[in-house]
Structures are given as C-alpha cells and as structure tokens.
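As a plain string of letters, each chain reads:
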Amino acid sequence: AYLPELSVSLPFENIVKLNDYTEKYIAHCVEDPHKTTLRNINSAASKIILIGPEGDFTDDEINLAINEGFKPVSLGLTRLRTETAGLVAAVALTI
C-alpha cells in the first residue's frame, strides 16, 4: 500500500519547475493529440500530477507545464470535480 503525499500549496510557476519527481503529469480538459490515459502507472518512480482548478488550467499554464517536462494525461471520458479528480489520479498512480 502507498500513502499519497499532499504538499503545501505553491504558486503554479514554482510547482512546474520542481525537479524532485521522475514522472510528471498534467491532467487538463483541453483536446490534445499527445494526451494519454492515466491508468496503471505501476512504477516505483517518484510522481507528481497537476490537477486543474474549477474551470481548468489556462492555455499558458498547460504550455508552461509541458515545456517543463509534464506529460498531458486524461483521467477518463467525463469531466471530474477537482476533489474527485485528485482521488482518481492518486489511485491511478499507485496501483
């Protein structure tokens, strides 16, 4: 079993520049041909996933994250509330 670590709140620009994680993901609702489904990521590597606020990330935030090495991912076919998206992501990253 894994216990997800919840960190203190940081400005978005600071979070995307963190180099503490091997695998970096951003879940957003914008159509993107490079977006993959986040499921069954079963590795011991350190991971971080960015979950957007209500209304989603801005285009600038998405582009900044991708430029900093974050992979765009989908959490499924439906749009989830922020709280639910965080739980779905935590489960997908730990099983």
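**Notes on the overall build of the protein chain**
Part 1 of the reasoning: Looking only at helices and strands, one finds three helices and four strands in the protein chain.
Part 2 of the reasoning: Scaling as 2.2 N^0.38, a compact globule of 95 residues should have a C-alpha radius of gyration of about 12 Å, and the protein chain matches this with 12 Å.
Part 3 of the reasoning: If you line up the protein chain on its principal axes, its C-alpha atoms span 35 × 30 × 25 Å.
Part 4 of the reasoning: Counting across all 95 residues of the protein chain, residues that qualify as buried make up 31%.
Part 5 of the reasoning: Approximately 6,700 Å² of the protein chain is accessible, and the part contributed by carbon and sulfur atoms is 54%.

**Digging into the environment of Ile26**
Part 1 of the reasoning: With respect to the helices and strands, Ile26 occurs in strand β1 (residues 23-27).
Part 2 of the reasoning: In this structure Ile26 comes out as buried when scored by relative accessible area, which is 0%.
Part 3 of the reasoning: Not counting chain neighbours up to four residues away, the residues in contact with Ile26 comprise Leu50, Phe57, Ile62, Ala65, Phe70, Lys71, Pro72 and Val73.

**Here we look at the side chain of Lys47**
Part 1 of the reasoning: Tracing the chain through its elements places Lys47 in strand β3 (residues 47-51).
Part 2 of the reasoning: Put simply, Lys47 is tucked away with no salt bridge, and the nearest opposite charge, on Glu23, sits 4.9 Å away.
Part 3 of the reasoning: Reaching out from Lys47, the side chain makes a polar contact with the backbone oxygen of Ala45 at a distance of 3.2 Å.

**What to know about the pattern of salt bridges**
Part 1 of the reasoning: Enumeration according to the criterion identifies two salt bridges in this entry.
Part 2 of the reasoning: A salt bridge links Glu68 to Lys17; the shortest N-O distance between them is 3.2 Å. In this pair, Glu68 sits in the loop between α2 (59-67) and β4 (71-74) while Lys17 sits in the loop between α1 (12-15) and β1, placing the two residues 51 residues apart along the sequence.
Part 3 of the reasoning: Of the residues examined, Glu68 reaches a relative accessible area of 28% and is grouped as partly exposed.
Part 4 of the reasoning: What makes Lys17 partly exposed here is its relative accessible area of 46%.
Part 5 of the reasoning: One salt bridge connects Glu83 with Arg81, and the closest N-O pair in it is separated by 3.5 Å.
Part 6 of the reasoning: For Glu83, a relative accessible area of 51% translates into the label exposed.
Part 7 of the reasoning: Assessed through its relative accessible area of 59%, Arg81 is described here as exposed.

**Focus: the nonpolar core**
Part 1 of the reasoning: Counting ten residues, the largest nonpolar core consists of Phe12, Ile15, Val16, Ile26, Ile48, Leu50, Phe57, Ile62, Ala65 and Phe70.
Part 2 of the reasoning: Contributions of two or more residues to this core are made by α1, β3 and α2.
Part 3 of the reasoning: Excluding residues that lie within four positions of it along the chain, Ile15 makes contacts with Leu10, Ile48, Leu50 and Phe70.
Part 4 of the reasoning: Core analysis: the next-biggest nonpolar cluster, separate from the first, contains eight residues, Tyr25, Ala27, Leu38 and Ala92 among them.

Cut-offs applied
- Residues numbered from 1 in each chain as written.
- Predicted model: local features only at pLDDT ≥ 70, side-chain atom pairs only at ≥ 80, totals over all residues.
- Heavy atoms only, no water.
- Helix = DSSP H or I, 4+ residues; strand = E, 2+ residues; numbered from the N terminus.
- Rg over C-alpha atoms; globule rule 2.2 N^0.38 Å.
- Buried < 20%, exposed > 50% of the residue type's maximum accessible area, 1.4 Å probe, protein only.
- Areas by Shrake-Rupley, 256 points an atom, 1.4 Å probe, with all protein chains shown as cover.
- Contact = heavy atoms within 4.5 Å.
- Lys, Arg positive; Asp, Glu negative; His and termini not counted.
- Salt bridge = Lys/Arg side-chain N within 4 Å of Asp/Glu carboxyl O.
- Polar contact = N/O pair within 3.5 Å; in protein donor to acceptor, adjacent residues only side chain to side chain.
- Core = buried A, V, L, I, M, F, W, Y, C linked by side-chain atoms within 4.5 Å.

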